[in-house]
Amino acid sequence: MPRYKPVNLAQDAFVPVCFEKQILPGTFEYALHHLMEHKVDLSAFDAYYDNDNRGARAYDPKVLLKIVLFAYSRGIIGSRRIERACRENIQFMALSGQAMPDHATIAAFISRSPEAIQTVFQEVLLVCEQSGLVGREMFAIDGVKLPSNASKEWSGTHDELAAKARKLDRAIRRMLKAHRAEDEKGEDPDLGHYTRQQIEKLERQSRKIKAFLKHNAPKLGPKGKERKSNVTDQESAKLATGKGVIQGYTAVAVTDAKHQIIVEAQAHGVPQEQELLQPILEDLQAQYQALGLSPNIHGQTRLTADAGFHSTANLQWLEDEYCDAYIADNRFRKRDPRFAEAEKYKPPKPLPKRFRPRDFRYDPDQLTCTCPAGKALYRNGANVRINGRTGIKFTAPKSACEPCHLRAKCLQDEHQKSPRQVVFFHPKEEQQPQSLIDKMKQKIDSLRGRMIYSRRLGTVEPPFGNLRYHKGLNRFTLRGRKKVDGQWKLYALVHNIEKLAHYGAIG
Ligand code: SF4
């Protein structure tokens, strides 16, 4: 029979712990501790306290900041879990000097100080710059869509929300009627209690929607079209992602190519990244000017971005700023000869069953078009632009398509209500080769352009990979743009401090 060492759980032991010695040079916690104690000016947090002459002493912001950033670096995001870590984890005790703030203090600190967090972000960026970790040769911008503390079930245009409130009211009336009928019969007390609770819940929800509609104007996009509002967090947006639709924020980061330091991080409740390029780069410029690092960072540094940021307005703005930008468009990969063979490895696509433009009779002199069924189409676009090409658009009369026996061969979906449309592109020489979009295509398709753009992935993806997969950032826990923006900056701070620690710039 094997013999094991005895275990004595009834013994007493004193374990000497020196908190300072728990924080080892070269680690993230050392860099964090050193920055907060010696490098970063945290006076911006003072404005949140009013206890000079009255009230209890508050927790020092540097203690709370150390706790929160260390927790985020370990994938701990909830304030209750952070509170528990402060009681149980020796590293948390060492960083905070055994301060044990409760979860409410931690949550309030994170959500009420976005402006001060912005100042800390700038100060740490300055340290990165002074340590030579920022090369300023190329910046890359990208974004990720993350859910926040609001449900998409409470999203809709004002009309949709009003319809939802009416639907709730109808359900309440129906339940009340059934409840009264049950009452008259002599109700089952359990059932009655449950029904009353359900009715109260629906009434609360209906009141909430009505109050929202009363106090909030419809949310409009840049083209004046109404966007979906959200009753819980009006500043969040309904976002389409590769894994379905979420309610949340687009978190954007601008990253330097040398060591992937995040030089600007912002979160916005907008569905399109396109509209964020200008405001974020303007703020980046203002930040570099305020820190006295560069009067014109746009003109000094090259910028790369993927197709999500491609638009004529953005290209024009970048040209006006004299920024050497490389922005891909949706067909960038398709034009790349290195990907010419890629199609070979994809599963074969079913052949398009619908008629193609060449199956229509187009007369470029008379500008007329006749479909395979012999019906004349009408012209409704003389210069439509699709993927940078200009063409003339024809549409079939609805009355012709509806009874047509060739619908199955002509329309995308045999049951669709809209009629067939077809575009004939102008020959290449009639195109305007020097539009901004064409100029960018020529630039990015060149050997030099491809070489520069190929560095984008290795520049901007590592911070997202680090924060999302190593630090477990898969959702924001706050509501409201400013608060979410502050939380995103805290994560960007974790990334930058980690870089300072790893490159030996501190300690
Ligand atoms: S579906 Fe319309 S456009 Fe197509 S062949 Fe029939 S009539 Fe012509």
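Procedures and definitions
Residues numbered from 1 in each chain as written. Predicted model: local features only at pLDDT ≥ 70, side-chain atom pairs only at ≥ 80, totals over all residues. Heavy atoms only, no water. Core = buried A, V, L, I, M, F, W, Y, C linked by side-chain atoms within 4.5 Å. Buried < 20%, exposed > 50% of the residue type's maximum accessible area, 1.4 Å probe, protein only. Helix = DSSP H or I, 4+ residues; strand = E, 2+ residues; numbered from the N terminus. Domains from an automatic or database assignment. Contact = heavy atoms within 4.5 Å. Patch = residues over 30% accessible without salt bridge, like charges linked within 9 Å, V, L, I, M, F, W, Y side chains within 5 Å. Areas by Shrake-Rupley, 256 points an atom, 1.4 Å probe, with all protein chains shown as cover. Salt bridge = Lys/Arg side-chain N within 4 Å of Asp/Glu carboxyl O. Lys, Arg positive; Asp, Glu negative; His and termini not counted. Charge placed at Lys NZ, Arg CZ, Asp CG, Glu CD. Near = heavy atom within 4 Å. 1 Å grid on protein atoms, 1.4 Å probe; cavity = no way out; pocket = protein on both sides within 12 Å on 5 of 7 lines; lining within 4 Å. Sits in = over half its atoms within 2 Å of the grid points. Nonpolar A, V, L, I, M, F, W, Y, C, P; charged D, E, K, R; others polar. Phe/Tyr/Trp six-rings, centres within 6.5 Å; stacked < 30°, edge-to-face > 60°. Points joined across faces, edges and corners; volume = space filled by probe spheres on them. pLDDT = per-residue confidence, 0-100. Buried area = accessible area lost by both parts, 1.4 Å probe.

Student: Any details on the nonpolar core? Residues and values, ideally.
Tutor: A general feature of soluble globular proteins is that nonpolar side chains tend to end up buried together. Formed by 91 residues in total, the largest nonpolar core has its most connected members in Leu303 and Trp488. Top element by residues in this core is helix H19 (residues 481-502). It accounts for 10 residues. Split by domain, this core shows at least three residues from each of two domains, domain 1 (19-48 + 57-112) and domain 2 (138-149 + 235-336 + 436-493). Residues within four places of Leu303 in sequence aside, it is in contact with Phe139, Ile141, Leu277, Leu281, Leu318, Cys323, Asp324, Ala325, Tyr326 and Ile327. Formed by 14 residues, the second largest nonpolar core is a distinct cluster that contains Cys369, Cys371, Cys410 and Val422.

Student: An account of a positive patch on the surface is requested, with residue identities and associated values reported.
Tutor: A contiguous patch of positive charge, built from Arg166, Lys167, Arg170, Arg173 and Arg174, is present on the exposed surface. Among the secondary structure elements, Lys167 is positioned in helix H8 (residues 158-185). Looking at Lys167, the relative accessible area reads 57%, which means it is exposed.

Student: Got a sec to walk through the site of the ligand? Specific residues and values, please.
Tutor: Close to the ligand lie Cys371, Ala373, Lys375, Ala396, Ala400, Cys401, Cys404, Cys410 and Arg420. Its atoms largely coinciding with the cavity grid, the ligand occupies the largest cavity. Taken together, the residues that form the shell around the ligand break down as 7 nonpolar, no polar and 2 charged.

Student: With reference to specific residues and values, describe the packing of aromatic side chains.
Tutor: Inspection of every chain in the model, using the stated rule, returns 11 aromatic pairs. Each ring, one from Tyr72 and one from Tyr491, has its centre 4.4 Å from the other, and the planes form 10°; the classification is stacked. Here Tyr72, found in helix H3 (residues 61-73), pairs with Tyr491, found in helix H19; they are 419 residues apart in sequence, far enough to count as distant. The same class applies to Tyr72 as to Tyr491, namely buried. Ring centres of Phe332 and Tyr453 lie 5.0 Å apart, and the angle between their planes is 75°; this geometry places the pair in the edge-to-face category. Of this pair, Phe332 sits in helix H13 (residues 332-335) while Tyr453 sits in helix H17 (residues 447-453); the two residues are 121 residues apart in sequence, bridging distant segments of the chain. Neither residue differs from the other here; Phe332 and Tyr453 are each classed as buried.

Student: Talk me through helix H6 (residues 103-112); I want residue IDs and the actual numbers.
Tutor: Every buried residue of H6 is accounted for by Ile106, Phe109, Ile110 and Ser111. Summarising the contacts, the buried residues of H6 are in contact with H3, helix H4 (79-88), helix H7 (114-130) and H19.

Student: So, empty space enclosed by the protein: which residues are in play, and what are the values?
Tutor: As enumerated under the stated definition, the model contains 2 cavities of 30 Å³ or more in all. Roughly 130 Å³ of volume is contained in the largest cavity. Broken down by secondary-structure element, the contributors of at least two residues to the lining of the largest cavity are helix H14 (398-401) and helix H15 (407-410). Residue composition of the lining of the largest cavity, by class: 11 nonpolar, no polar and 3 charged. Reported here for the second largest cavity is a volume of approximately 50 Å³. Surrounding the second largest cavity, Phe139, Leu281, Leu284, Ile297, His298, Thr301, Arg302, Leu303 and Cys323 form its lining. Within the residue set of the lining of the second largest cavity, elements represented by two or more residues are helix H10 (277-290), helix H11 (297-300) and strand S9 (302-305).

Student: Tell me about a negative patch on the surface, residues and numbers included.
Tutor: Among the surface-exposed residues, Asp41, Asp46, Asp52 and Asp60 lie close enough to one another that they form a single negatively charged patch. Relative to the helices and strands, Asp46 is located in the loop between helix H2 (28-39) and H3.

Student: So what about the confidence of the model for the protein? Which residues, and what values?
Tutor: Here the protein averages 90 in pLDDT, and 96% of its residues register 70 or above. Predicted confidence in the protein is weakest over strand S14 (residues 384-386), with a mean pLDDT of 82, and strongest over strand S8 (residues 262-268), with 96.

Student: Break down the pattern of salt bridges for me, with residues and values.
Tutor: Throughout the structure, instances matching the rule amount to 24 salt bridges. Asp142 is the partner of Arg456 in a salt bridge, and the nearest nitrogen-oxygen pair spans 3.5 Å. In this pair, Arg456 is assigned in helix H18 (residues 456-470) and Asp142 in strand S1 (residues 138-147), connecting sequence segments 314 residues apart. We classify Asp142 as buried; its relative accessible area is 6%. When the shortest N-O distance is used, the salt bridge between Asp169 and Lys210 registers 2.8 Å. Of the two residues, Asp169 is situated in helix H8 and Lys210 in helix H9 (residues 189-215); the sequence distance between them amounts to 41 residues. Sharing partners across several salt bridges, the network here consists of Asp329, Arg335, Asp336, Arg338, Asp445 and Arg450.

Student: Account for the domain arrangement of the protein, with residues named and values stated.
Tutor: Segmentation of the protein into domains returns domain 1 (19-48 + 57-112), domain 2 (138-149 + 235-336 + 436-493), domain 3 (158-217) and domain 4 (357-419). Summarising the inter-unit geometry, the C-alpha centres of domain 1 and domain 2 are found 29 Å apart. Residue-level contacts link 9 residues of domain 1 with 10 residues of domain 2. Buried area between domain 1 and domain 2, both sides added, is near 880 Å², and the carbon and sulfur share of it is 72%. The interface formed by domain 1 and domain 2 includes 0 salt bridges. Within the residue set of the side of domain 1 that touches domain 2, elements represented by two or more residues are H3 and H6. Tallying contributions element by element places H3 first for the side of domain 1 that touches domain 2, with 5 residues. When the residues that make up the side of domain 1 that touches domain 2 are grouped by side-chain class, the tally is 6 nonpolar, 3 polar and no charged.

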